[in-house]
Amino acid sequence: MLNLDYNLNSMRKKIVAGNWKMNKTAEEAVALVKELSSILATEFKGDSTILVCVPFPYLTTMKELVKDTSISVGAQNCSQFDWGAYTGETSAPMLASIKIDHVILGHSERRQYFGEDGKTIAAKVDAALKYGITPLFCCGEQLEVREAGKHFDLVRQQVAEGLFHLNAESIQKVVIAYEPVWAIGTGKTASAAQAQEMHALIRQQLAGQYGKAVADAIKILYGGSVKADNAAELFSCADVDGGLVGGASLKAREFAEIVKAAR
Ligand code: 13P
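Now for a quick tour of the structure. (Residues numbered from 1 in each chain as written. Predicted model: local features only at pLDDT ≥ 70, side-chain atom pairs only at ≥ 80, totals over all residues. Heavy atoms only, no water.)

The next point concerns the packing of helix α6 (residues 118-130) against helix α8 (residues 151-163). Running from amino to carboxyl end, α6 crosses α8 at an angle of 50 degrees, the nearest separation of the two axes being 7 Å. Between α6 and α8, the angle is such that the two are oblique. Contacts between α6 and α8 involve G118, A122 and V125 on the former and, on the latter, E161, G162 and L163. Grouping the constituent residues of the contact of α6 with α8 by class yields three nonpolar, two polar and one charged. (Axes fitted to C-alpha atoms, helices over the stretch in contact; angles between N-to-C directions. Helix = DSSP H or I, 4+ residues; strand = E, 2+ residues; numbered from the N terminus. Parallel < 35°, antiparallel > 145°, perpendicular 65-115°, else oblique. Contact = heavy atoms within 4.5 Å. Nonpolar A, V, L, I, M, F, W, Y, C, P; charged D, E, K, R; others polar.)

The structure is reproduced here in structure tokens:
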């Protein structure tokens, strides 16, 4: 019998994105990307989008370095403002001017340590889209929220606050990343069933707002202790369209194995 879920899942090209966070010197960054691209050049046969989201100072060098490879380079944040007196900020038009086409927005570390709220993140999503940059919009609950049984409500609220001001055309330019905070950097991965359950809920919520066809076109990545040995199982879930990988993206071999697990 035709398995419709599988077919829909396979229609959405997977994305495996590394989030380096605030790690690596310039020299180490070059070495990592060189090693990764040489492994992938011989071993990667798929058509997933492979992304490394690197610290701002390395964007231009990394872009140059991956020029003739299967790897793309993304940023980890951008301002909600275009230009002006915002010391220390980097804007979407700046990223666009160096041809960066992906940016992580609303990561739980930005929400937790830098006070980013739903409204700010929504404005950042708009800024990125205005300049043709794909936002990787992050959502996810803390452990105490899950333990209180409020995880579905919280994630629904984050998705609505951050994205539901967009029209049906714009929302399809966004990639969503579900990253349960309790699984980030802890070695505690969500089970495939937990990931699938939340991804299906997000897709259902998108369908309620924009209709099924739009919801089926949107990619939803899982993030939180994705490793070489759990990636294949997570990525095989019907509504999991790839991963946003922190710690394991800092090692070329490990990240390459995760990339290869996405098909
Ligand atoms: P880890 O893979 O280190 O758990 O980090 C996940 C993450 O925060 C990616 O954005």
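Our next topic: the environment of V159. As for its placement among the helices and strands, V159 is situated in helix α8. Classification of V159 as buried rests on a relative accessible area of 0%. In this structure the C-alpha to C-alpha distance between V159 and G140, which are 19 residues apart in sequence, comes to 9.5 Å. Discounting residues that sit within four places of it in the chain, V159 has contacts with F137, C139, F164, I202 and Q205. (Buried < 20%, exposed > 50% of the residue type's maximum accessible area, 1.4 Å probe, protein only.)

This next bit is on the sheet that holds strand β6 (residues 175-178). Read from one edge of the open sheet, eight strands run β3-β2-β1-β8-β7-β6-β5-β4, paired in parallel fashion. Two strands bound the open sheet, and with one partner strand each, they are β3 (71-74) and β4 (102-105). Strand-to-strand twist in this sheet, taken as the mean axis angle between neighbours without regard to direction, amounts to 25 degrees. Strand direction decides the pairing type here: β6 and strand β7 (residues 220-223), joined by three bridges, are parallel. (Pairing = 2+ DSSP bridges.)

It is worth spelling out the site of the ligand at this point. Close to the ligand lie 13 residues, the nearest being K21, H107, G185, S225 and G247. In the model, an oxygen atom of the ligand is placed 3.0 Å from a nitrogen or oxygen of the N19 side chain. With respect to the ligand, the backbone of G247 contributes an N or O atom lying 2.8 Å from an oxygen atom. Contact with the protein chains covers 97% of the free accessible surface of the ligand, which is 310 Å². Residues of the shell around the ligand, tallied by class, amount to four nonpolar, seven polar and two charged. (Near = heavy atom within 4 Å. Polar contact = N/O pair within 3.5 Å; in protein donor to acceptor, adjacent residues only side chain to side chain. Areas by Shrake-Rupley, 256 points an atom, 1.4 Å probe, with all protein chains shown as cover.)

Judged by which residues are buried, strand β8 (residues 242-245) turns out to be covered on both faces: G242 and L244 on one side and G243 and V245 on the other are all buried. By the bridge criterion, four bridges tie strand β1 (residues 15-19) to β8 in an arrangement that is parallel. Across the sheet, the residue bridging to V16 is G243, located in β8.

Turning our attention to the packing of aromatic side chains. This structure, assessed with the given rule, holds three aromatic pairs. When the centroid spacing of 4.1 Å and the interplanar angle of 5 degrees are considered together, the rings of F81 and Y86 count as stacked. For F81, a relative accessible area of 34% corresponds to the partly exposed category. Its relative accessible area of 37% is what places Y86 among the partly exposed residues. Seen from the ring of F114, R110 lies directly overhead, with NZ or CZ sitting 4.1 Å from the centre. (Phe/Tyr/Trp six-rings, centres within 6.5 Å; stacked < 30°, edge-to-face > 60°. Lys NZ or Arg CZ within 6 Å of the ring centre and 35° of its normal.)

Glancing now at the pattern of salt bridges. Under the counting rule described, the total for this entry stands at 16 salt bridges. Close ionic contact of E64 with K67 constitutes a salt bridge, the shortest N to O distance being 2.7 Å. With relative accessibility at 48%, the residue E64 sits in the partly exposed group. Residue classification places K67 among the exposed positions, given a relative accessible area of 54%. Of the charged contacts, one joins E141 and R146 as a salt bridge, the two residues approaching to 2.7 Å between their closest N and O atoms. Note on R146: relative accessible area 15%, which makes it buried. (Salt bridge = Lys/Arg side-chain N within 4 Å of Asp/Glu carboxyl O.)

This part takes up the pairing of β7. Neither face of β7 is left uncovered, since the one carrying I220 and Y222 and the one carrying L221 and G223 both have all their residues buried. When β7 meets β8, the two strands line up parallel, connected through two bridges. Residue pairing across strands places Y222 opposite G243, the latter belonging to β8.

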